[in-house]
Amino acid sequence: MADETENENNLVPANDRIIPINIEDEMKSAYIDYSMSVIVSRALPDVRDGMKPVHRRVLYGMLDLGVTSNKPYKKSARIVGDVLGKYHPHGDSSVYGTMVRMAQDWSMRYTLVDGQGNFGSVDGDSPAAMRYTEARLQKIAEDMLADINKETVDFQLNFDDTLHEPTVLPTRIPNLLVNGASGIAVGMATNMAPHNLSEVIDGTVAYIDNRDIEIPELMQYIKGPDFPTGGIIYGYKGLQSAFETGRGSIIMRAKAEIEVTKNDREQIIVTEIPYQVNKSTMIERTAELVNEKKIEGISSIRDESDREGLRIVYDIKRDANASVVLNNLFKYTALQSSFSVNNIALVHGRPMMLNLKDLIHHFVEHRHEVVIRRTKFELAEAEKRAHILEGLLIALDHIEEVIKLIRASNTPDEARTGLMEKFGLSDIQARAILDMTLRRLTGLERDKIKEEYAELMKTIEYLKSILADESLRMSIIKDELLEVKEKYGDERRSQIVHSAGDMSMEDFIDDEEIVITISHEGYVKRTPLSEYRLQNRGGKGALGSNTKESDFTEHIITATAHNYLLFFTDAGRCFWLRAFEIPEGSRVSRGRALQNIINIPKEEKVKAYIKVKNLKDQEYLENNFIIMCTKRGTIKKTSLEAYSRPRANGINAINIHEGDQLIEANLTNGESEIVIALRSGRAIRFNESTVRPMGRTAAGVRGIRLAHDQDEVIGMISVNDSASTILVVSENGYGKRTDLEDYRITNRGGKGVKTINITEKTGKLVAIKDVTDQDDLMIINKSSIVIRISVQELRVMGRATQGVKLINLNKNDQIASVAKVEKDEDVEEDTQSDVADAGEESGTPTED
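Here is what the cut-offs are and how they apply
Residues numbered from 1 in each chain as written. Predicted model: local features only at pLDDT ≥ 70, side-chain atom pairs only at ≥ 80, totals over all residues. Heavy atoms only, no water. Core = buried A, V, L, I, M, F, W, Y, C linked by side-chain atoms within 4.5 Å. Buried < 20%, exposed > 50% of the residue type's maximum accessible area, 1.4 Å probe, protein only. Helix = DSSP H or I, 4+ residues; strand = E, 2+ residues; numbered from the N terminus. Axes fitted to C-alpha atoms, helices over the stretch in contact; angles between N-to-C directions. Left-handed = near helix turned anticlockwise from the far one by under 90°. Contact = heavy atoms within 4.5 Å. Nonpolar A, V, L, I, M, F, W, Y, C, P; charged D, E, K, R; others polar. Patch = residues over 30% accessible without salt bridge, like charges linked within 9 Å, V, L, I, M, F, W, Y side chains within 5 Å. Areas by Shrake-Rupley, 256 points an atom, 1.4 Å probe, with all protein chains shown as cover. Salt bridge = Lys/Arg side-chain N within 4 Å of Asp/Glu carboxyl O. Parallel < 35°, antiparallel > 145°, perpendicular 65-115°, else oblique. Pairing = 2+ DSSP bridges.

1. Describing the nonpolar core
Stage number 1. Leu59, Met62 and Leu112 are the most contacted members of the largest nonpolar core, which totals 66 residues.
Stage number 2. When residues in this core are grouped by element, the largest group, seven residues, is from helix α8 (residues 197-209).
Stage number 3. Of all hydrophobic cores here, the second largest spans 25 residues; its members include Ala386, Leu396, Ile460 and Ile466.

Encoded structure:
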């Protein structure tokens, strides 16, 4: 009993075949074996022919089946079954899916399979079942398989050791570069872009001619990827990285154009989309974004694609800008995508990251080996045939003896032995003589044999010279490549443009005309110019904004959304802002405190601004100037270039003396006429050239002498247009236009001349502007009433007159600010405006 219990507790089997192992080591070993199998035998392409095993087996299986380009199509099911049964023991979907993709002209830059039937679509539709479709090889695929029966490549046994399959194709096409590849292995992946065949061959020929060629030189031939769906490649930075290192991100964009319909509506027409983008999914996603209000300005989307080509139409709303909508489509939809290049391929069975030159090098080395092996095969065949012909020629030279010997022999073997012994022939030669027909004994046939032998000897000599001369082999490779280019080369489909990189904010904002208002207490907003109505002179005006009682609109800036704005404070500091960065508000809204947008000290107020197109054009910066004027009559001129480097906290624009402050700054071209006006009603005119440019921190020079201690400068203008007239406005609503020539040119720093007759009725001077008939005026009073009038309504009159009434003011109200805007023909004239009191003559000027 004790013995039985002991045997039950001893669980070691008698045969000792179970070996204890560490499970961690076993899992590591098994996973490494599995990963290497996936890497080498499934997921990564071979650098030589650009094929994974499944692609190679499909093409070789089709060749084996005889479905070449000059033969009838065969059912796909037949082809798939043949490949499965002979070479690829996996699911039929993997083989059929591979064959389908090689037939899709939106997936492959150069299709290798000629499909007949439904092979799917760019919308992501599935192909028909393989029992319905048919296929055969494309001509270009036959060039990839050319010479495969000439011992040009190694063969290996198939999965059941009954057949042989090629380990690589002897391709004449640099397929890995031309068609690209993608695959996910274990611990690594590959994603290679397709390229243009003509460009790749030109680059390969250049490499053969100069093995030391650098990648930038190769890029002169191979411009970049060439996707089957066309589109636009945005920028060279990603391309350069991909070509030089094997990794890089390429930005792809749809090819889109903006068209105007007969109804004056804008449309965006997309005719090419980025590679590997599903068209229907993209349209559905875009529609969702439109419904969610993430993309605005699109009224409808239509897919008008047909057998003629791809066409997607985006109808744009009347109040939207098509360029802005298109940029938003690029930002939020697949109309702009990226292709991440990761050039990993198998080199001698090992995965390696390859740059452009590496890829070309390995292809050329492969072709070199193929040419050598093909030449050796052809030489062996030629020598074999020459050996037989030598025997036939010996027999023909001794035909009588040969016939006599054969007739005297009892068996063929006896005759063969006799021929070998008597004439010194080999076994092969003797058998060829015995197999020779009687018609070969004619004189004509004898001559043919001699000619064939002579040609063979020339061929043998040529083939030997190929094997002896590497430069001749390279010349053959080049000739074959140029022949391929002649047969299959085509124009580039994907356009490459230089403007790459992240899109700037301004690309998503319409460059519309806007009005920027700044209140006395520093509140700012932007409003579309069209919101302001044109009113007749003498009208009551429209409410400009809901400001506090103590606040009023002081500055009006007309600009476009993309302009740079330079703000100048009364303390002489300069700050930068893009117009579109100012918060948008309605005409009646208060706006936002400027201090919350830019870092202006609370004690400083914006007194002037300059509207600048851009701050990057060096010629523009150096040939333009900023002229500043202070309340005490000081003037200063500085190059715009000194203000072209924005800083968050601003910079000192002018050195202001105690008790003085900056009141105006203008952008000039160095040849302007400067007019400075005083509150006392006097003005001075002088040439800008009399003021020399100074440094940014200088204090300036005297521009005008004040009439008395309480006097001050109310404005400065710079005039370039001789057609401009000078408009002055007084605080009680009077104003007039005067020709510039009425102001005689004087020396800088003088007292000036009378510009308006100041009376108790007119009040002191508050504004001076240079205007033409093409301008409108925006007049704002301290109670925030805004009126827009046409300058054309104001007649030009003498310099010393009192002027005419521009706006009716309520009691205790005065004009705060005046700005000129371009005439807007589309703005509807307000015919319901209040008219001036009948008892007051508003249109008759009062002479001095």
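2. Some thoughts on the packing of helix α14 (residues 399-408) against helix α15 (residues 412-423)
Stage number 1. Where α14 meets α15, the axes come as close as 9 Å, and the angle between the chain directions of the two elements is 145°. The two elements α14 and α15 meet at a crossing, and its hand is right-handed. Between α14 and α15, the residues in contact are Glu401, Val402, Leu405, Ile406 and Ala408 and Glu414, Ala415, Gly418, Leu419, Lys422 and Phe423, respectively.
Stage number 2. Per-class residue counts for the contact of α14 with α15 are seven nonpolar, one polar and three charged.

3. Some remarks on a nonpolar patch on the surface
Stage number 1. A cluster of nonpolar residues, Ile32, Met36 and Val40, forms a patch on the protein surface that exposes about 230 Å² of accessible area.
Stage number 2. Relative to the assigned elements, Ile32 resides in helix α2 (residues 23-43).

4. A look at the packing of helix α13 (residues 356-397) against helix α16 (residues 427-435)
The angle between the axes and the distance between the axes are what describe a pair of packed helices.
Stage number 1. The N-to-C vectors of α13 and α16 enclose an angle of 55°; their axes lie 9 Å apart at closest approach. One way to sum up the angle between α13 and α16 is to call them oblique. Both α13 and α16 take part in a crossing whose hand is right-handed. In this structure, α13 contributes His387, Ile388, Glu390, Gly391, Leu392 and Ala395 to the contact, and α16 contributes Ile428, Gln429, Ala432 and Ile433.
Stage number 2. Within the contact of α13 with α16, the residues separate by chemical class into six nonpolar, three polar and one charged.

5. Observations concerning the sheet that holds strand β29 (residues 651-652)
Stage number 1. Pairing is antiparallel across the open sheet formed by four strands, whose spatial order is β26-β23-β24-β29. Of all the strands in the sheet, just β26 (606-612) and β29 have a single pairing partner and so form its edges.
Stage number 2. Bridge count for strand β24 (residues 573-578) against β29 is two bridges, and the pairing is antiparallel. Paired with Cys574 across the strands is Ile651, a residue of β29.

So, to be careful, I would describe these as geometric facts and stop short of saying anything about function.
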